[in-house]
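Report on the structure
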Amino acid sequence: MIENHRTGLLWANFMANEEITPALAAIGFVEDPVATEHVESSTIEVNLYPTISHGEIYISLDENKEADKFALTISDAIGSKMSHESHLVNDHLLKARLAENNPFPGWIWVSVFYQNSLVRTYPMWIQ
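It should be emphasised that the depicted structure is a prediction, and the values quoted were computed from it without experimental measurement.

1. Concerning the pairing of strand β5 (residues 84-90)
Summarising the sheet, β5 and strand β6 (residues 93-98) pair through 6 bridges and their orientation is antiparallel. Bridge pairing links histidine 87 to lysine 95 in β6.

2. Focus on the environment of glutamine 115
Within the secondary structure layout, glutamine 115 lies in the loop between β7 (106-114) and β8 (117-126). When the C-alpha positions of glutamine 115 and glycine 8 are compared, they lie 28 Å apart, and in sequence the two are 107 residues distant.

3. Description of the environment of lysine 81
The residue lysine 81 is located in the loop between β4 (70-76) and β5 in this model. Taking the C-alpha atoms as reference points, lysine 81 and leucine 94, 13 residues apart in sequence, are found 19 Å from one another.

4. Considering a nonpolar patch on the surface
Where nonpolar side chains cluster on the molecular surface, the patch consists of Ile52, Trp107, Trp109 and Trp125 and spans about 390 Å² of accessible area. Its location among the elements puts isoleucine 52 in strand β2 (residues 52-53).

5. Observations concerning the pattern of salt bridges
Across all of its chains, the model carries 2 salt bridges by this definition. Between glutamate 56 and lysine 95 there is a salt bridge; the shortest N-O distance is 3.7 Å. One end of the pair, glutamate 56, is in strand β3 (residues 56-60); the other, lysine 95, is in strand β6, and 39 residues separate them in sequence.

6. Examining the packing of aromatic side chains
Per the stated rule, a full pass over the model turns up 4 aromatic pairs. Ring plane angle 75 degrees and centroid distance 5.4 Å describe the contact between tryptophan 107 and tryptophan 125, whose orientation is recorded as edge-to-face. Of the two residues, tryptophan 107 sits in strand β7 while tryptophan 125 sits in strand β8, which places them 18 residues apart along the sequence.

7. Concerning the nonpolar core
Of all hydrophobic cores here, the largest spans 22 residues; its most connected members are Val46, Ile57, Ile59, Ile74 and Ile108. Elements with a minimum of two residues in this core: β3, β4, β6, β7 and β8. Residues contacting isoleucine 74, with those up to four places away along its chain left out, are Ile57, Ser80, Lys81, Met82, His84, Leu98, Ile108, Trp109 and Val110.

8. Some points on the sheet that holds β4
Spatially, the 4 strands line up as an open sheet ordered β2-β8-β7-β4, and their pairing is mixed. Where the open sheet ends on each side, the last strands, each with one partner, are β2 and β4. Here β2 runs beside β8; their pairing, made up of 2 bridges, is parallel. By the bridge assignment for β8, serine 53 is matched with isoleucine 126.

Thresholds applied
- Residues numbered from 1 in each chain as written.
- Predicted model: local features only at pLDDT ≥ 70, side-chain atom pairs only at ≥ 80, totals over all residues.
- Heavy atoms only, no water.
- Pairing = 2+ DSSP bridges.
- Helix = DSSP H or I, 4+ residues; strand = E, 2+ residues; numbered from the N terminus.
- Patch = residues over 30% accessible without salt bridge, like charges linked within 9 Å, V, L, I, M, F, W, Y side chains within 5 Å.
- Areas by Shrake-Rupley, 256 points an atom, 1.4 Å probe, with all protein chains shown as cover.
- Salt bridge = Lys/Arg side-chain N within 4 Å of Asp/Glu carboxyl O.
- Phe/Tyr/Trp six-rings, centres within 6.5 Å; stacked < 30°, edge-to-face > 60°.
- Core = buried A, V, L, I, M, F, W, Y, C linked by side-chain atoms within 4.5 Å.
- Buried < 20%, exposed > 50% of the residue type's maximum accessible area, 1.4 Å probe, protein only.
- Contact = heavy atoms within 4.5 Å.

Structure, rendered in structure tokens:
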């Protein structure tokens, strides 16, 4: 595990096997939608609040970026996407509300994207 974390050698050797890619596709593996590898978004400032919510979420957006290029996804603890509505309150604030049919309480993960690139994923507790 340490070597794989340091260099990725074990994963690279595993994936070099020609049978692995089709096998992963056959069992339904998909790319992690919240992976942060190779994402150059550290210069984009976004913040999420509150960290404990009843289903209403606010995301303050980077003032130097176009607000309509931001998007978000919300996932539950097992990675399933949760239905929600979102809209811009003003040029720098995005408001999202979880749909009533989502299960509560529990942890959710809010992933913020800018031009389809992940900026950051935030944990949030829903009461």
